[in-house]
Structure formats: structure tokens, C-alpha cells
2 protein chains.
Amino acid sequence: MENIATTYVPEPAISRLPWYLACVSRLRAQGVEYVSSTAISNQLNVDASQIAKDLSYLNIKGKTRIGYEVKELEQGLLDFLGFHREHNAVMMGVGSLGAALMADSGLSRYGLHIVAGFDVKPELVGTAPGGKPIYHISELPQRLRELDAEIAVIAVPFESAAEVAELCVQSGVKALWNFSPFHIKASPGVTIQNTSIYAHLAVMYNRMLK
Amino acid sequence: MENIATTYVPEPAISRLPWYLACVSRLRAQGVEYVSSTAISNQLNVDASQIAKDLSYLNIKGKTRIGYEVKELEQGLLDFLGFHREHNAVMMGVGSLGAALMADSGLSRYGLHIVAGFDVKPELVGTAPGGKPIYHISELPQRLRELDAEIAVIAVPFESAAEVAELCVQSGVKALWNFSPFHIKASPGVTIQNTSIYAHLAVMYNRMLK
């Protein structure tokens, strides 16, 4: 049996898998039992051959003329994507975006539990919005272990992002999910995912001019 | 003089420009007057030659031995990226993520003003959190013009994303910024920017296994 953890899956393929998941979850909710890559293709505007190739990384194969079993495909995608596993995370920076992400129940549906926040503002430290405590950022090294968190979500202003990322790495986080507009440099053994929503905004503005 | 609006700039290049902006804004705040592409490269982990190439799309050139003038570079990036222009937008779906994005003051610093929200929930419609009114989603076609909005930010559940996107397009929005995990199909004349934060989560989980 192939071990999925050792198969390198290209980032664009992984990025498309949640689209397929959203699509098949919708079909499952509608009571649909089988779906072809052509039907998924029509809904998502992705080539059917691309979909079949992406799904082959999961060792999921459709049946000729019938397609994929919807429930099996949904389960296979959820397992592969890790959305069923529980991951504890801390929020670095509880400003408007950070507080929002902490409150976003969507993230916990995808396996990400933000269990605490860290900030420098005295008016925030010591509070617990939605039952999640906010600590001073200097407490990160000792709190991280008791919180059993291995992911840090970064939503601090860009001026502080480099320093906060460094603190997270030194404190032993395994992954940084960076929402700040500052591009964080890679560190050995630490996964970095930059999600600069402002970069997407820039691309959208630029394309609107055409 | 080159017209920047007619020069096609590849998406990866545009996506990197906000990093450079964050970097030079930080330097400007620190009182630095000149910066070389090598110095930016060291901070961001992007090749200096790549930085020089990306900046050449803006018609900004550094001086030999001195580099770029920090203030001029910041201004050039802000102008090119459109972060200085005002763009009115509506929020489709005022759940946890939608409400969060509406409250995120970071977006208005980048020129995006979310002026109203649209939802189907009776307990939300008619309220005005932070002074921004929430209307029933069926009111979009007539409200869009009075709000002078050309961008719709989509944060509805994936089950509704396709329908809501269709309504937005029919109502005349010029761009859709989609945060739902559903991949929205392109429509002629409408810019679509998919920002599926859950796809980034999937990539991060996958890379953490290595």
C-alpha cells in the first residue's frame, strides 16, 4: 500500500482538492451517489483530466461509466487533507483580523482549533473572548506546551511580523500560518504558509483595470 | 510614457509586490532613505534579480551602488497596486468570517471599503454593526447602484456560493473576491479572485507531515 505521507503532491494540486471537497460535499447533501470527473469539471471550471490526475494522488479511482462514489470521495478527501484531524493553534495578534479568525467557526470545521491568543496590548491581555484566553506575547514560550499547540497563526501588523515569527520558531511551533502582509523567511523544520489576503486584493485590482 | 494599465503583469509578480511594499514601508518608518534589491532580498528570501525584474514592471529603477529611494519606491508600489484608490465593496454573507472581514480595518488601509453587508438571516437583516447596514440578499440588485459598489466579497457557505456569485454578476458587480471554499466559475467581464483560506490550510497540513 502506498504511504500518502511520503508521496510529494504539488501545491497547486493540493490547493484544488478543497474545491473538489466542497463540490462533493454539496452533492452528498443533495443525495447524489455517484459523480464523474466531467460533472465536477462542469461545476468548477477545471479540466476533467486535471481532476482525475489530482484525485489519483489520493489513490482514489473512479469506475468506468459510473464515476466516483460521492461518500467515498468525500471521506478520502477529508482524510487526505487532514481536515478530520484536530490541530491546536495559537493566534499571534488579536486585532481585527486576528479576533475574526479566532471567532471563525469555519476553521474548526477544517480541523484548526485556535485555543488562545497572544498580544501586547494591555487592554486585551487577561481577557477571554469566546472563552479563549489572551496572554501577553512574552508568555508564548512557556504557554505553548501547556496549550499543546503546534501551529501559530500570525495576524500582527507587518512591522512586528518578523520578530513574532522568530519568537514562534524559537518557542517550537511546527508551522506558521502568516496572514500579515510581511513575507516571513523560511526556517529549517518549520512549515510556512503565507496567506496574504492583501496580495490577492492587489491582483484583483490589477485585473479589474483590464 | 508607458501606460501601466496596458502592461500585462504576471500574477506571481503582482503577488510579490505587496511584500516589497510591506518591507519598504517598514524601512521608511525606520528612517531609511535608500535600499538595494539585495537588502530587500535578505529580508524577504526572494532573489534580488527577481525583485529587480518585478519592480521593472512599475518602471522603477534603482541607482547603481545606491539602490532605490525608499519613499519613491513605497509611493510607486502604492500607486501601482491601487491601494491608494478607494473601492467600495459589499459583503455577501455576514457569518463569522464575513463579519470579521467587514470589521477588519486593515482592508480599508488597502483601499477596500466594505460599505454594506447582505445576508438571508432575519436576525441580521436590518442591523448595522459598526454603522454598516445589513440588507436581505434579495435587495442586492437595487442596492448596488446606490452604494456605488463594484466589488462583492463572498463569504457565504459553500452550498450558496454558486447562486450568490450568479446574483452578483447579474446585478452588475465588476469583481468577485471569493472567500468561500467553493471555486466560482469565471464570467465574461468579471474579475474573480479566489482566496480559499481553507486551501492554504490544506497545503500547510500536508507540508507538516513531511
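For the structure itself, consult the block above.
Described in the following lines is the structure provided in the data block. (Residues numbered from 1 in each chain as written. Chains lettered and ligands numbered in written order. Predicted model: local features only at pLDDT ≥ 70, side-chain atom pairs only at ≥ 80, totals over all residues. Heavy atoms only, no water.)

## Re the overall build of chain A
- Scanning chain A for helices and strands turns up 9 helices and 8 strands.
- Its C-alpha atoms give chain A principal-axis dimensions of about 60 × 45 × 35 Å.
- Here chain A, with 210 residues, has 53% of them falling under the buried criterion.
- Roughly 9,400 Å² of accessible area belongs to chain A as shown, and the carbon and sulfur atoms make up 51% of that amount.
- Charged side chains of chain A number 18 positive and 20 negative; the gap between the two group centres comes to 7 Å. (Helix = DSSP H or I, 4+ residues; strand = E, 2+ residues; numbered from the N terminus. Buried < 20%, exposed > 50% of the residue type's maximum accessible area, 1.4 Å probe, protein only. Areas by Shrake-Rupley, 256 points an atom, 1.4 Å probe, with all protein chains shown as cover. Lys, Arg positive; Asp, Glu negative; His and termini not counted. Charge placed at Lys NZ, Arg CZ, Asp CG, Glu CD.)

## Things to note about the interface of chain B and chain A
- Taken together, the contact pairs 71 residues of chain B with 71 residues of chain A.
- Across the chain B to chain A interface the summed buried area is about 6,500 Å²; carbon plus sulfur atoms make up 67%.
- For the pair chain B and chain A, the number of links is 2 salt bridges.
- Linking A:Arg26 and B:Glu163 is a salt bridge whose minimum nitrogen-to-oxygen distance equals 3.2 Å.
- Remark: the boundary between chain B and chain A carries 18 residue pairs in polar contact (both at pLDDT 80 or more).
- When residues of the side of chain B that touches chain A are assigned to their parent elements, the largest contribution, 12 residues, is made by helix α9 (residues 197–208) of chain B. (Contact = heavy atoms within 4.5 Å. Buried area = accessible area lost by both parts, 1.4 Å probe. Salt bridge = Lys/Arg side-chain N within 4 Å of Asp/Glu carboxyl O. Polar contact = N/O pair within 3.5 Å; in protein donor to acceptor, adjacent residues only side chain to side chain.)

## Comments concerning the packing of aromatic side chains
- For the structure on display, the rule yields 10 aromatic pairs over all chains.
- Relative to B:Tyr110, the ring of A:Tyr198 lies with its centre 4.2 Å away and its plane at 20°, an arrangement referred to as stacked. On the criterion of chain membership, the pair formed by A:Tyr198 in helix α9 (residues 197–208) and B:Tyr110 in the loop between α6 (105–109) and β4 (112–119) is interchain, its members lying in two chains.
- Judged by its relative accessible area of 6%, A:Tyr198 falls in the buried class.
- When the centroid spacing of 5.6 Å and the interplanar angle of 45° are considered together, the rings of B:Phe118 and B:Tyr135 count as tilted. In this pair, B:Phe118 is assigned in strand β4 and B:Tyr135 in strand β5 (residues 134–136), connecting sequence segments 17 residues apart. Assigned by exposure class, B:Phe118 and B:Tyr135 land together as buried. (Phe/Tyr/Trp six-rings, centres within 6.5 Å; stacked < 30°, edge-to-face > 60°.)

## Observations regarding the nonpolar core
- One finds A:Met92 and B:Met92 to be the most contacted residues of the largest nonpolar core, which totals 152 residues.
- Residues contacting A:Met92, with those up to four places away along its chain left out, are A:Phe118, A:Ile137, A:Leu140, A:Ala152, A:Val153, A:Ile154, A:Ala155, A:Val156, A:Val164 and A:Cys168. (Core = buried A, V, L, I, M, F, W, Y, C linked by side-chain atoms within 4.5 Å.)

## Remarks on the sheet that holds β5(B)
Residue and element names in this part refer to chain B.
- What the 6 strands build is an open sheet, ordered β5-β4-β3-β6-β7-β8; its pairing is parallel. Whereas interior strands pair on both sides, the edge strands pair on one side only; in this sheet they are β5 and β8 (191–194). Averaged over all pairs of adjacent strands, the angle between strand axes in this sheet comes to 25°, irrespective of strand direction.
- Where strand β7 (residues 175–178) lies against β8, 4 bridges are found, and the strand directions are parallel. Of the residues in β8, the one forming a bridge with Asn178 is Asn194. (Pairing = 2+ DSSP bridges. Axes fitted to C-alpha atoms, helices over the stretch in contact; angles between N-to-C directions.)

## Quick notes on the environment of B:Ser138
Residues and elements named next belong to chain B.
- Inspection of the secondary structure assignment puts Ser138 in the loop between β5 and α7 (140–147).
- For Ser138, a relative accessible area of 48% translates into the label partly exposed.
- Note: C-alpha distance between Ser138 and Val156 (18 residues apart in sequence) is 14 Å.
- Reaching out from Ser138, the side chain makes a polar contact with the side chain of His136 at a distance of 2.9 Å.

## Some remarks on the relation of the copies chain B and chain A
- At an RMSD of 0.0 Å, chain B and chain A line up after a rotation of 180° and a shift of 0.0 Å along the axis. On the angle and the small slide along the axis, the relation comes out as a two-fold axis. Taking C-alpha positions as the reference, the residue of chain B nearest the rotation axis is B:Ala100, at 2.3 Å.
- A shared interface surface links the copies, since 100% of the contact residues of chain B are contact residues in chain A too. (Least-squares fit on C-alpha atoms with pLDDT ≥ 70 in both.)

## Notes on the environment of A:Gly31
- Its location among the elements puts A:Gly31 in the loop between α1 (11–29) and β1 (34–35).
- Sequence separation between A:Gly31 and A:Glu69 is 38 residues; the distance between their C-alpha atoms is 12 Å.

## Structural notes on the pairing of β7(B)
Residues and elements named next belong to chain B.
- Residue alternation in β7 divides its side chains into two sets, Ala175 and Trp177 and Leu176 and Asn178, and both sets are buried.
- By the bridge criterion, 4 bridges tie strand β6 (residues 151–154) to β7 in an arrangement that is parallel. Bridged to Ile151 within β7 is Ala175.
- Traced from β6 through helix α8 (residues 158–171) to β7, the parallel crossover comes out right-handed. (Right-handed = clockwise from strand over helix to strand, strands pointing away.)

## What about the sheet that holds strand β4 (residues 112–119) of chain A?
All names here are of chain A.
- A sheet is described by the order of its strands in space; here 6 strands give the open sequence β5-β4-β3-β6-β7-β8, paired in parallel fashion. Each having just a single partner strand, β5 (134–136) and β8 (191–194) make up the two edges of the open sheet. Pairwise comparison of adjacent strand axes, ignoring direction, gives a mean angle of 25° for this sheet.
- As paired strands, strand β3 (residues 87–92) and strand β6 (residues 151–154) are joined by 4 bridges and run parallel to one another.

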